[in-house]
Amino acid sequence: MEVAIENIRIGNGNLPVIIAGPCVIENEDITFYTAEKLKEICSAVGLPFIFKSSYDKANRTSLSSYRGPGIDRGLEILSDIKGKFDIPVISDVHSVDEVKHAAEVLDALQIPAFLCRQTDLIIEASKTGKPVNIKKGQFLAPWDIKNIIDKFVSTGNKNLFITERGASFGYNNLVVDYRAFPIMRSFGCPVIFDVTHSLQLPGGQGSSSGGQREFAEPLARAAVAVGIDGLFMEVHPEPDKALCDGPNMIKLSDLEKMLNTIKAICELLK
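Just so we're clear, the structure is a prediction, and the values are computed from it rather than from any experiment.

(A) Layout of the packing of helix α1 (residues 28-45) against helix α8 (residues 255-269). Here α1 crosses α8 at 30°, and the two axes come no closer than 10 Å. What the angle tells us is that α1 and α8 run roughly parallel. Considering the relative orientation of α1 and α8, their crossing is right-handed. Contacts from Leu38, Ile41, Cys42, Ala44 and Val45 in α1 reach Leu255, Glu256, Leu259, Asn260 and Lys263 in α8. Per-class residue counts for the contact of α1 with α8 are seven nonpolar, one polar and two charged.

What follows is the structure, given as structure tokens:
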């Protein structure tokens, strides 16, 4: 199956799409700067690009953790990025009430992993007719995604892609089972690999999550070699100063080298 987002085609043998941006909208300067640089990098490498950043991180570890500017201001910033840089934008929706408002701005909606079984949310997102990315919960087996797909397509909308973001592996740890990619692709939807969240150590720092960004490139290379339709990655100019998920985010200045390697693997496979 192929899913279209603006002029980007996901799946069906197309080059893997890069869905990237800071974990959460921190401020306009960082968000605009990162979007501009990501577009330049992906264009130089020759890979399609969708900008992602969250207007609200509703599932933070601690009550005191930074969540974002909220839906109204966040969508306003994403709309400005979309217009200024001519790139499609995607962000998380967390409740049925958010969906309609978000769909007025976003080119694609994303349902976070912890909400991937919320039937009402899935149906409401599907009813918009928009492309939707559903992230597979860390608690699900690859074949469990079939039930989620069935819920989504029940409205007639087939513009769905699925993202693998690792599976729970004991306490505060995730592991990537590369068997998951061909299993999930067999259900007919494009499959994306969430590089950076797969490197997360959930709650690993007590009041926040840890991460191991040093493994981003080897895991991404392996996923592309196995066969996927895109890479999801959170990127920041200075990850160690980021307000959310810094330990597993990729440093912006390191990205182009990594993507050139990814592109070379794609060409070799073809």
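(B) Region of interest: helix α3 (residues 96-103). Listing the buried residues of α3 in full gives Glu98, Val99, Ala102 and Ala103. End-on, the buried residues of α3 take up no more than an arc of 115°, which puts them together on one face. Away from its buried face by more than 90 degrees, α3 exposes Asp97 and Lys100. Summarising the contacts, the buried residues of α3 are in contact with α2 (71-85), β5 (89-92), β6 (108-111) and α4 (119-127).

(C) Looking closely at the pattern of salt bridges. Taken as a whole, this structure holds 18 salt bridges when the rule is applied. As a salt-bridge pair, Glu40 and Lys37 come within 3.6 Å of each other at their nearest N and O atoms. Placement of both Glu40 and Lys37 in helix α1 is noted, with a separation of three residues, approximately one turn of the helix. Residue Lys37 is classed as partly exposed on the basis of its relative accessible area, which comes to 28%. One salt bridge in this structure joins Arg73 and Glu76, with 2.5 Å as the shortest N-O distance. Of this pair, Arg73 and Glu76 are both found in helix α2, three residues apart, which corresponds to roughly one turn of the helix. Through salt bridges that share partners, Glu28, Arg73 and Glu76 make up one connected network.

What counts as what
Residues numbered from 1 in each chain as written. Predicted model: local features only at pLDDT ≥ 70, side-chain atom pairs only at ≥ 80, totals over all residues. Heavy atoms only, no water. Axes fitted to C-alpha atoms, helices over the stretch in contact; angles between N-to-C directions. Helix = DSSP H or I, 4+ residues; strand = E, 2+ residues; numbered from the N terminus. Parallel < 35°, antiparallel > 145°, perpendicular 65-115°, else oblique. Left-handed = near helix turned anticlockwise from the far one by under 90°. Contact = heavy atoms within 4.5 Å. Nonpolar A, V, L, I, M, F, W, Y, C, P; charged D, E, K, R; others polar. Buried < 20%, exposed > 50% of the residue type's maximum accessible area, 1.4 Å probe, protein only. Arc of directions from axis to C-beta. Salt bridge = Lys/Arg side-chain N within 4 Å of Asp/Glu carboxyl O.

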